[in-house]
Amino acid sequence: ESSLYAEILADETNIRKRYVLNVTLFDELVPDRSEWSLHFRRAQGSMQMSTGAQIAELQMILRKRWPDERVWPRLAMDAPPEGVNEA
């Protein structure tokens, strides 16, 4: 079982925000070949609630243990299959 965990602390105009990503993945990854990056971009238009507001943007490249043999029907173990709506 592979899982993905990230905790990010950001200062946003005198307010400290904490973002947590905790996902149990559908199948195994190769951690040494996976990578991630975090960028903050300035909010624009209707998303800008205060001067200097920034939006955290997390980008990930996840390398599967068996890239050609198995097609993942979804990213997370606990997510419903694509096209299935839960009430």
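Treat the numbers as computed from the prediction; the structure is a model and nothing was measured.

**Q** For this particular structure, what's the right way to read the overall build of the protein?
**A** Counting its regular elements, the protein contains zero helices and four strands. Across the protein, helices and strands are ordered from the amino to the carboxyl terminus as β-β-β-β. Long-range contacts, defined here as pairs at least 24 residues apart, represent 45% of the contacts in the protein between residues at least 6 apart. Taken as a whole, the protein presents about 7200 Å² of accessible surface, with 47% of it coming from carbon and sulfur.

**Q** What should I look at first to understand the pattern of salt bridges in this one?
**A** Pairing between side chains of opposite charge can happen when the charged atoms of each approach one another. In the structure shown here, the tally under the stated rule is three salt bridges. We note a salt bridge from glutamate 7 to arginine 18, for which the minimum N-O separation is 2.9 Å. With glutamate 7 in strand 1 (residues 3-12) and arginine 18 in strand 2 (residues 15-24), this residue pair connects regions lying 11 residues apart in the sequence. A salt bridge links arginine 65 to glutamate 28, with the shortest nitrogen-to-oxygen separation between them at 3.3 Å.

**Q** Explanation requested: the environment of serine 3 in the structure shown.
**A** Tracing the chain through its elements places serine 3 in strand 1. Residues serine 3 and valine 23, spaced 20 residues apart in sequence, show a C-alpha to C-alpha distance of 5.6 Å. Excluding anything up to four places from it in sequence, serine 3 contacts Val23, Thr24 and Leu25.

**Q** What's the story with the side chain of aspartate 27 in this structure? I'm lost.
**A** Locating aspartate 27 in the fold gives a position in the loop between strand 2 and strand 3 (35-42). When its relative accessible area of 13% is taken as the criterion, aspartate 27 is described as buried. Look past the residues within four positions of aspartate 27 in its chain and what remains in contact with it is Ser2, Trp66, Arg70 and Trp72.

**Q** How should the layout of surface pockets be read in this particular structure?
**A** The space that makes up the largest pocket amounts to roughly 220 Å³. Taken together, 14 residues line the largest pocket, and the ones lying closest to its centre are Leu4, Leu29, Ser34, Trp36 and Leu62. Counting residues per element, the ones that place at least two in the lining of the largest pocket are strand 1, strand 3 and strand 4 (54-61). Per-element tally for the lining of the largest pocket: the top contributor is strand 1, with four residues. Of the residues contributing to the lining of the largest pocket, the split by class is 10 nonpolar, three polar and one charged.

The rules behind the values
- Residues numbered from 1 in each chain as written.
- Predicted model: local features only at pLDDT ≥ 70, side-chain atom pairs only at ≥ 80, totals over all residues.
- Heavy atoms only, no water.
- Helix = DSSP H or I, 4+ residues; strand = E, 2+ residues; numbered from the N terminus.
- Contact = heavy atoms within 4.5 Å.
- Areas by Shrake-Rupley, 256 points an atom, 1.4 Å probe, with all protein chains shown as cover.
- Salt bridge = Lys/Arg side-chain N within 4 Å of Asp/Glu carboxyl O.
- Buried < 20%, exposed > 50% of the residue type's maximum accessible area, 1.4 Å probe, protein only.
- 1 Å grid on protein atoms, 1.4 Å probe; cavity = no way out; pocket = protein on both sides within 12 Å on 5 of 7 lines; lining within 4 Å.
- Points joined across faces, edges and corners; volume = space filled by probe spheres on them.
- Nonpolar A, V, L, I, M, F, W, Y, C, P; charged D, E, K, R; others polar.

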